[in-house]
Amino acid sequence: MAIADQLADYLTSLRFEDLPVQTVHAAKRLILDTLGAARAGAAESGCAEVAAAMTAAEGNAAQSTIWSTGARTSPAAAALINGTCAAALDFDSLHFAGIVHPEIVTLPAALALAERDGCSGRDLIVAVVAGSDLMCRIALSTERNSPWFATSSAGAFGAAAAAGIVLRLDRAQMRNALGLALCQASGTLQAILERTLAKRMQSAFAARNGVYAAELARHGITGPAESLEGPGGYYTAFEAGDPAALLDGLGKRFETGNIGIKKYPSCACNHAAIEATSRLMKANGLKGADVRDVTVRITPFMNQLVGAPFDPSSNPQVAAQFSVQYSVAAVLTRGGFKLADITLGRICDPDIGRLARSITVEVDNRSDGQLAPSTVRLNAGGRILEETIRAVPGSAEAPLSDAEVMAKFRDCLGFGPAAMPDARAEALADAITHLEQVERLDEFMPASLAA
């Protein structure tokens, strides 16, 4: 039996009652976090332009809510717009082992269709859990030696699965949806390496394409049956991997609980260095003026994404989000790393630019870590201080508490021109906390997210 057939059997039979209590709890935290990240990111570069382009292309199909404004458009357009906003600040959830960002792909796809079709909160939870779990399993089952961007390439399958569950596809339709996801899968690290705005759209493309895949399959369009293991399937065309690892424990063990919620709004490759610098500054009562000769030691994988010299001349925000030099300089100067630290005024401050470029980046070629370890060493008045972080904040080894997740959500909803009043933010948080009790998302979404 083809892998997609086995996945289709599982995806079309999964019910809310099959999900462990802890998985449901984790899913609601991730949904809350993703909505918050999208609201905070909505005013960033490219987001308004994407919304304008997609709204114009889709006409007046007022079926699914744009989370940042409360306006409505088609499900595919909403998935793309909301996915772009959710990725804009690099403050979204991350599966730390698989290095994929599941919810910015699966939630925009599933929620757009669930709202249009009047599905329940339970339906949405099942769809997001299953789609995100599949995405993570694909990432974990592959060798990850290629320049493909797995959040986008594997995300196409996760979004198609989530959308297919919402649409209640039958077994054959679900298999076709996965095949159609393969036909649209894309995404490359080049968009990140060049620090372009396209970086924040690649996951959104996967969300939109998942909507297309499920809708087309529902209307009878067939896709490749061997979408994963075939001679032109994912494991051949994108990443070599082990299908047994993908299927192991399917439906019994969910990766949702291993998806982390970020503590800092930047590429996760920066987080260990941010945390190390923060601890050094706090533990020793230091201020930026006390510090000189700063060195950051990172792994080869981290260096590929965040180790280049800090250069904000082209796309300042993306450059800052993918610079360990800027990340450490921000902590040295301001004592922490918050949403305000990725606003243009702070990023383009010439003083912090000079400080960032003075920080030495060392690469530990003996380490094969992806997000850790990271060591920060500095000279403070002749004292050589050093801190190493091995467990990234927000990961399964160092998870954020429910209180920390809620505090982050409030910060996100209060950030930028799309800020939501406190009372409405609290009401939305409470509703997501009890999402399984929502009967109709077509009534819930406009009321909760209207401008």
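Structure first, text after, so check above.
Residues numbered from 1 in each chain as written. Predicted model: local features only at pLDDT ≥ 70, side-chain atom pairs only at ≥ 80, totals over all residues. Heavy atoms only, no water.

Chemist: I'm lost on the overall build of the protein in this one. Help?
Modeler: In terms of regular secondary structure, the protein is built from 21 helices and eight strands. For the protein, the C-alpha atoms occupy an extent of roughly 70 × 50 × 40 Å along the three principal directions. Counting only residues that meet the buried cut, the protein has 60% of its 451 residues in that class. Taking the contacts inside the protein whose residues are at least 6 apart along the sequence as the reference set, 78% of them involve residues at least 24 apart. On the protein, roughly 16500 Å² of surface is accessible, and the fraction owed to carbon and sulfur atoms is 52%. For the protein, the separation between the mean place of its 39 positive charges and that of its 48 negative charges on side chains is 4 Å. (Helix = DSSP H or I, 4+ residues; strand = E, 2+ residues; numbered from the N terminus. Buried < 20%, exposed > 50% of the residue type's maximum accessible area, 1.4 Å probe, protein only. Contact = heavy atoms within 4.5 Å. Areas by Shrake-Rupley, 256 points an atom, 1.4 Å probe, with all protein chains shown as cover. Lys, Arg positive; Asp, Glu negative; His and termini not counted. Charge placed at Lys NZ, Arg CZ, Asp CG, Glu CD.)

Chemist: How do you make sense of the sheet that holds strand 8 (residues 383-389) when you look at a structure like this?
Modeler: Two strands in a sheet stick together by hydrogen bonds in their backbones, pointing the same way (parallel) or opposite ways (antiparallel). Read across the open sheet, the four strands follow the order 6-5-7-8; overall the sheet is mixed. Edge strands, defined here as strands with exactly one partner in the open sheet, are strand 6 (360-363) and strand 8. If you compare each strand with its neighbour and ignore which way they point, the axes differ by 20 degrees on average. Here four bridges tie strand 5 (residues 291-298) to strand 6, and the two strands are oriented parallel to one another. Looking at strand 6, one finds that Arg 297 is bridged to Glu 362. Relative to strand 8, helix 13 (residues 271-283) is tilted by about 140 degrees, and along the sheet it contacts strand 5, strand 7 (374-380) and strand 8. Packed onto the sheet, helix 16 (residues 324-334) meets strand 5, strand 6 and strand 7 and runs at close to 140 degrees relative to strand 5. (Pairing = 2+ DSSP bridges. Axes fitted to C-alpha atoms, helices over the stretch in contact; angles between N-to-C directions.)

Chemist: I would appreciate a short explanation of the packing of helix 8 (residues 171-184) against helix 10 (residues 199-218) in the present structure.
Modeler: Relative orientation and spacing of two packed helices are given, respectively, by the angle between their axes and the distance between those axes. In the contact formed by helix 8 and helix 10, the axes pass within 8 Å of each other and the chain directions differ by 140 degrees. Considering the angle they form, helix 8 stands oblique to helix 10. Both helix 8 and helix 10 take part in a crossing whose hand is right-handed. In this structure, helix 8 contributes Gln 173, Asn 176, Ala 177, Leu 180, Ala 181 and Gln 184 to the contact, and helix 10 contributes Asn 209, Tyr 212, Ala 213, Ala 214, Leu 216, Ala 217 and Arg 218. (Parallel < 35°, antiparallel > 145°, perpendicular 65-115°, else oblique. Left-handed = near helix turned anticlockwise from the far one by under 90°.)

Chemist: So what exactly am I meant to see when it comes to the pairing of strand 5 here?
Modeler: When a strand is regular, its side chains alternate between the sheet's two faces. As judged from the five bridges shared by strand 5 and strand 7, these two strands associate in the antiparallel manner. Of the residues in strand 7, the one forming a bridge with Val 296 is Val 376.

Chemist: Quick question: what am I supposed to make of the packing of aromatic side chains here?
Modeler: Aromatic ring pairs are reported here in terms of the distance separating the ring centres and the angle at which the planes meet. Per the counting criterion, the structure on display carries six aromatic pairs. Between Trp 148 and Phe 238, the aromatic rings sit 4.5 Å apart at their centres with planes inclined by 50 degrees, giving tilted as the arrangement. Residue Trp 148 is located in the loop between helix 6 (121-140) and helix 7 (150-166), and its partner Phe 238 is located in the loop between helix 11 (234-237) and helix 12 (243-247); the two are separated by 90 residues in the primary sequence. Judged by its relative accessible area of 32%, Trp 148 is partly exposed. (Phe/Tyr/Trp six-rings, centres within 6.5 Å; stacked < 30°, edge-to-face > 60°.)

Chemist: What is the right way to look at the side chain of Asp 92 in this model?
Modeler: Tracing the backbone shows Asp 92 in the loop between helix 4 (75-87) and strand 3 (94-95). Here the side chain of Asp 92 touches His 101 through a polar contact of 2.7 Å, side chain to side chain. Setting aside chain neighbours within four positions, we find Asp 92 in contact with Asp 33, Ala 37, Ala 86, Ala 87, His 101, Ile 104 and Lys 262. (Polar contact = N/O pair within 3.5 Å; in protein donor to acceptor, adjacent residues only side chain to side chain.)

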